[in-house]
Amino acid sequence: MVLVDSTAQTDSLEALLGESEGGKSESSRRRQSWGLEVGGHNSEGASGSKEIWMRKRMKKCLCMLLCLILLGVAGVVYFGYFCPETVCALSFSPLQRRYKMKYIKDGINQFHIGTDEAGKPLSNSARSAMGPSFEEVTGHDFQFDIRGHDVIVFLHIQKTGGTTFGRHLVDDLDLDRHCECHRKIRKRCTCLRPGPHSDETWLFSRHSTGWKCGLHADWTELTSCVDDMMDRIEDNSVERRYFYITFLRDPVHRYLSEFKHVRRGATWKTARLLCEGRPPTREEVPLCYKAETWENVTLEEFMACSSNLANNRQTRMLADLSLVGCYNTSFLDPEDREKMLLISAKTNLKKMAFFGLTEDQEISQYIFEETFNLKFRVRFEQHNQTISDQALHKIDPETLRRIEEINYLDVQLYKFAKQLLQHRFKVMSEQDPHFREHFENMGRSQFSWSEIENT
């Protein structure tokens, strides 16, 4: 049998364990350490070997735990301070929250001192993705370049007459290259540019590109989506100018029209309502009904649901929702949240290159044509006897008052929009030396605009 140099190995073991057992002989300690006995292993030696093995395992576990803790701390520091917000925006950092709260308070202060009158400046939005404003569009040296890379983006709010206006855009504009509408694809047309960029589209809307940014995408969704989506549609990344447009409607009429539509089975459940990269949770926006639809809902039930997205829909869809914590209503107290929504909606409406009112079709048409230097081949019709108008006469005054209370943000926004539209109409008509001829002959295909401009 080969003998092992037990003395050398025992000395190493004692150095490792760093302890000496008193009252035992050196040979006994060696036998206990290595378990060498005549005819077999010593039981005490086996216990010592197990203890050594356990200590080594413990040290390895402690090292691994320490490494994991260090990695975790490094990850928190990176995500909190160094990672770009567009990539790692899991929540508001303290710096972001302080900035947004400061912006909110400044906006509320401006709201109270009356800077929301037509023609006066509003507080700047935290976003800057809207493109040229109305003032820039109507400047002397400005022109919408349909042959270049300019794109009109239509923000379509439910039950505001947006479907009719959207059809006008793809069917009735007098263009060098008309939109091609497809019979097999319902409500879809291809609107390509005339000129050198003939493979690009100049219109981002339901009837041209479809709901690429979501069903009835609002301002918050569109401004964060359009540019990337246009790159995908055209498989090309170019620098574009975006011109946001929309239509608004009297809040009571719009609310009743949406009620009728929902009563017939409409839900818009597929709307994504994205904000800060995520849709709202069911706790943030509870459904108002338990079945698949809300068919045959009564007006009382429709008004009673506090999470009904029909309430103040126009204000919500025009505001920058990231300023108020998206659909998380605990981010601000209710009064400050509502004031901020209204300020933001007014600001964004004022920045838009164009907006129209359902109740002022002809004025809206004139402002659009003069803003973009594009003419319609038809004259917009003013429909006064709509479904909601007929229903209005059947509703008692108290119910109408409640509808106005529920939609009081939209009521204030619409009042502001009417003043702003009249202000724009006044400015543009006074600057137009041929205003009377232009306005009276809108939509006449045989009318020569160039002849008037050159006389």
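Above: the structure in question.
The rules behind these values
- Residues numbered from 1 in each chain as written.
- Predicted model: local features only at pLDDT ≥ 70, side-chain atom pairs only at ≥ 80, totals over all residues.
- Heavy atoms only, no water.
- Buried < 20%, exposed > 50% of the residue type's maximum accessible area, 1.4 Å probe, protein only.
- Helix = DSSP H or I, 4+ residues; strand = E, 2+ residues; numbered from the N terminus.
- Pairing = 2+ DSSP bridges.
- Expected span 1.5 Å × (residues − 1).
- Bend = angle between axes of the 7 residues up to and from the residue.
- Contact = heavy atoms within 4.5 Å.
- Polar contact = N/O pair within 3.5 Å; in protein donor to acceptor, adjacent residues only side chain to side chain.
- 1 Å grid on protein atoms, 1.4 Å probe; cavity = no way out; pocket = protein on both sides within 12 Å on 5 of 7 lines; lining within 4 Å.
- Points joined across faces, edges and corners; volume = space filled by probe spheres on them.
- Nonpolar A, V, L, I, M, F, W, Y, C, P; charged D, E, K, R; others polar.

Asks: How should the pairing of strand β1 (residues 150-155) be read in this particular structure?
Replies: Put simply, side chains in a regular strand alternate between the two faces of the sheet. With respect to burial, β1 is a largely interior element, 6 of its 6 residues being buried. With burial as the criterion, each face of β1 is covered, one bearing D150, I152 and F154 and the other bearing V151, V153 and L155. Examined bridge by bridge, β1 and strand β5 (residues 241-248) share 6 bridges and lie parallel to one another. In the strand pairing of β5, V153 is matched with Y244. Where β1 meets strand β4 (residues 203-204), 2 bridges bridge the pair, whose relative direction is parallel. Bridge pairing in β4 links V153 to F204.

Asks: Would you mind going over helix α8 (residues 219-234) with me for this structure?
Replies: Given 3.6 residues to a turn, an α-helix orients residues that are three or four positions apart in the same direction. The terminal C-alpha atoms of α8, which comprises 16 residues, lie 22 Å apart, in line with the 22 Å expected from a rise of 1.5 Å per residue. For α8, the principal kink sits at C225 and spans about 45°. Burial in α8 covers these residues: W219, T220, E221, L222, T223, C225, V226, M229, M230, D231 and E234. Packing partners of the buried residues in α8 comprise β1, β4, β5, α11 (313-318) and α12 (334-351). Its side-chain oxygen placed 3.1 Å from the backbone nitrogen of T220, D218 serves as the N-cap of α8. A positive backbone phi angle near 50° is found at D235, which sits one or two residues after α8.

Asks: What is the right way to look at empty space enclosed by the protein in this model?
Replies: If a probe as big as a water molecule is rolled over the atoms, it shows which places are left empty. Tallying each qualifying case throughout the model produces 4 cavities of 30 Å³ or more. Counted as a void, the largest cavity has a volume near 90 Å³. Taken together, 13 residues form the lining of the largest cavity, with F154, F204, W211, A217 and L222 sitting closest to its centre. Its residues assigned to classes, the lining of the largest cavity shows 7 nonpolar, 4 polar and 2 charged.

Asks: Whenever I open this one, unusual backbone geometry confuses me. Can you help?
Replies: Among all residues save glycine, negative phi is the norm, and among peptide bonds the norm is trans. Phi at D235 is positive, roughly 50°, even though this residue is not glycine. Considering the arrangement of structural elements, one finds D235 in the loop between α8 and β5. With a phi close to 60°, N296 is a non-glycine residue in the positive phi region. Its place among the elements puts N296 in the loop between α9 (251-263) and α10 (299-304).

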